Amino acid sequence: SIKKNICTRALSQYLRFNYIENPLSIYKNIYKLMPGTILTFNQRMIKKEYKFFNFKITNNESFSQKEASKNLENQIIKSCLSRKVSDVPIGCFLSGGIDSSLITSIIQKSSTDKIKTFTIGFDDEKIDESKYAKSIADYLGTDHHTLHISNKELIDNIPFQAQIYSEPFADQSSLATNILCRYASKSLKVILSGDGGDEMFLGYERYYQVSYLIKIIKNTSLLSQKIQKKEILRKISNFIYNRRSLPYQKDKILKLIALLIDSNSDNVYQKFNSLFRDNFFPQIPLNKNISYPYQNLETIEKMNKNDFEQYLPECILTKTDRASMHNALEVRSPFLDHNIFEIVHNLDNSNKFKLLNKKFILKKLLGNYLPKNLFDRPKKGFSAPLKSWIDGPLKEWIFDNLSENVLNSHNLFDHSIIERIKEEHYSGKRYWHNQLWNLAIFQQWYSSQK
């Protein structure tokens with residue numbers, strides 16, 4: 001009896017960010033329970049009973065940097081060890097990055113037996129971190145397992161996406177996460193993960209990039225006000241767009257120009273994170289007549305707060321929690337311990353940014369367990385070789401899901417725009433693999449609802 005009509009505002013969010021922000025769902029007039037909230041209901045009523053999550057911490061304690069650092073380090077260790085308590089053996093996801101390496105180091109040091117660690121390996125060396133994970137596992141002495149995903153396994157698992165996530169969800173590492181969870185669940189039922197490390201300890205490079213972009217946007221002396229800045233930028237954009245060389249660098253330059261044209265200090269963070277510009281799908285705009293709670297995201301702290309309340313629960317934790325529970329695996333996240341949260345947000349501003357800036361405190365603590373050469377390298381993050389998948393084993397799947405006949409089943413998108421995206425990508429003019437994945441995952445989900 002429930003009408004399952006598509007919510008265009010939610011679809012707009014999905015197209016831009018790969019997930020749908022709370023409290024919306026993909027269906028009109030159906031809403032998500034907010035993070036940290038419990039609803040109790042009976043035959044007569046629905047009532048909000050308890051909300052745990054709260055950013056209103058104002059008691060900034062004044063510690064020296066050394067004292068603040070020690071308090072935070074002790075709580076991180078305590079948080080990891082408290083999540084080791086289990087009736088069954090536990091293991092760790094180990095990507096080779098700072099977060100998972102620190103958790104694995106703490107857990108292994110406190111264990112008498114070798115703990116099991118798991119990572120995924122890819123053929124694409126540009127994103128593969130499995131060799132780093134193995135080096136760290138060898139140093140720590142864990143029982144390490146590396147899973148390489150075959151093309152067949154990749155294709156076979158795509159249909160499960162709609163079943164696992166219930167609504168369109170296109171985080172590019174979700175497919176690999178599901179496969180890894182299935183693999184790990186064959187030998188363990190409890191795993192520790194580094195989820196939350198980037199949000200808790202300001203690890204995202206985009207915070208610093210956007211801060212710089214905002215300064216550029218606000219700096220009116222960049223070009224004389226007599227010169228039509230946007231018109232000049234559009235001409236530069238058109239010139240670069242028509243050049244086929246260096247497509248990766250070209251995509252970054254074009255996105256930067258688009259940000260300078262379209263953005264202001266109120267929306268640059270959302271625009272920076274968006275897959276599509278507004279003119280791609282004008283019938284489902286993001287910002288028209290909508291009041292957003294996080295305008296003026298001009299500081300790293302405000303960007304981080306936005307991620308804590310949206311990106312973390314609706315993307316990062318949704319990805320891991322649903323993939324793991326689909327495979328009867330429990331994943332625990334030590335960095336999201338509320339005691340760590342309270343210490344971090346009670347730090348005075350001076351200590352906060354000295355200790356958290358690009359995970360300074362985590363790197364300092366990890367240095368007590370591992371040689372610096374094993375973890376001191378540029379951040380890659382846990383991602384999948386999406387372009388090689390889209391260009392190879394998933395090419396037929398892309399064309400099947402984004403054909404004109406299939407898209408006409410709902411008429412939500414302008415088919416000519418999607419045809420242009422496909423043509424540009426497969427001719428090598430632009431790299432649109434992230435956008436093609438996003439659109440095809442939506443169509444896969446939509447088809448599964450019939």
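Here the structure is shown first, and the text comes after it.
Residues numbered from 1 in each chain as written. Predicted model: local features only at pLDDT ≥ 70, side-chain atom pairs only at ≥ 80, totals over all residues. Heavy atoms only, no water.

Colleague: Please clarify how the overall build of the protein chain should be interpreted in this entry.
Modeller: Counting its regular elements, the protein chain contains 21 helices and seven strands. In the protein chain, which comprises 450 residues, the share counted as buried stands at 51%. Sequence separation of 24 or more characterises 77% of the internal contacts of the protein chain that already satisfy a separation of 6 or more. Carbon together with sulfur atoms contributes 51% to the accessible area of the protein chain, which is approximately 22,700 Å² in total. (Helix = DSSP H or I, 4+ residues; strand = E, 2+ residues; numbered from the N terminus. Buried < 20%, exposed > 50% of the residue type's maximum accessible area, 1.4 Å probe, protein only. Contact = heavy atoms within 4.5 Å. Areas by Shrake-Rupley, 256 points an atom, 1.4 Å probe, with all protein chains shown as cover.)

Colleague: Sorry if this is basic, but what is going on with the state of the cysteines here?
Modeller: Throughout the structure, instances matching the rule amount to zero disulfides. No disulfide involves Cys92; its sulfur sits 8.1 Å from that of Cys80, the nearest cysteine. Residue Cys92 is classed as buried on the basis of its relative accessible area, which comes to 0%. (Disulfide = S-S within 2.5 Å.)

Colleague: Can you walk me through the nonpolar core in this structure?
Modeller: Across soluble globular proteins, nonpolar side chains have a tendency to be buried as a group. Core analysis: the biggest nonpolar cluster contains 117 residues, and Ile76, Phe201, Phe413 and Trp437 have the highest contact counts within it. When residues no more than four places from it in sequence are discounted, the contact partners of Phe201 are Leu72, Ile76, Phe335, Ile340, Val344, Leu356, Lys358, Lys359, Ile361 and Leu362. (Core = buried A, V, L, I, M, F, W, Y, C linked by side-chain atoms within 4.5 Å.)

Colleague: So what exactly am I meant to see when it comes to the pattern of salt bridges here?
Modeller: Two side chains with opposite charge may pair up if their charged atoms get near one another. In total, this model carries 18 salt bridges according to the counting rule given. Here Lys359 ties to Asp99 by a salt bridge, and the two come within 2.9 Å at their closest N and O atoms. Placement of the pair is Lys359 in the loop between helix H15 (349-356) and helix H16 (360-366) and Asp99 in helix H3 (residues 98-109), with a sequence separation of 260 residues. Judged by relative accessible area, Lys359 falls into the buried class, the value being 5%. Asp99 sits in the buried class, given a relative accessible area of 9%. A single salt-bridge network, built from bridges that share partners, covers Lys32, Glu167 and Glu314. (Salt bridge = Lys/Arg side-chain N within 4 Å of Asp/Glu carboxyl O.)

Colleague: Explanation requested: the packing of aromatic side chains in the structure shown.
Modeller: How two aromatic rings sit relative to each other is given by the distance of their centres and the angle of their planes. Counted under the stated rule, the structure contains 18 aromatic pairs. Where Tyr165 meets Phe169, the ring centres are 4.5 Å apart and the plane angle is 25°; that geometry is what we call stacked. Phe169 matches Tyr165 in its accessibility class, with the two residues each being buried. Centroid distance Phe442 to Trp445: 5.8 Å. Interplanar angle 45°. Geometry classified as tilted. Of this pair, Phe442 and Trp445 are both found in helix H21 (residues 433-448), three residues apart, which corresponds to roughly one turn of the helix. Across this residue pair, the class does not change: Phe442 and Trp445 are buried. Residue placement shows Arg206 over the ring face of Tyr311; its charged tip is 4.8 Å from the ring centre. (Phe/Tyr/Trp six-rings, centres within 6.5 Å; stacked < 30°, edge-to-face > 60°. Lys NZ or Arg CZ within 6 Å of the ring centre and 35° of its normal.)

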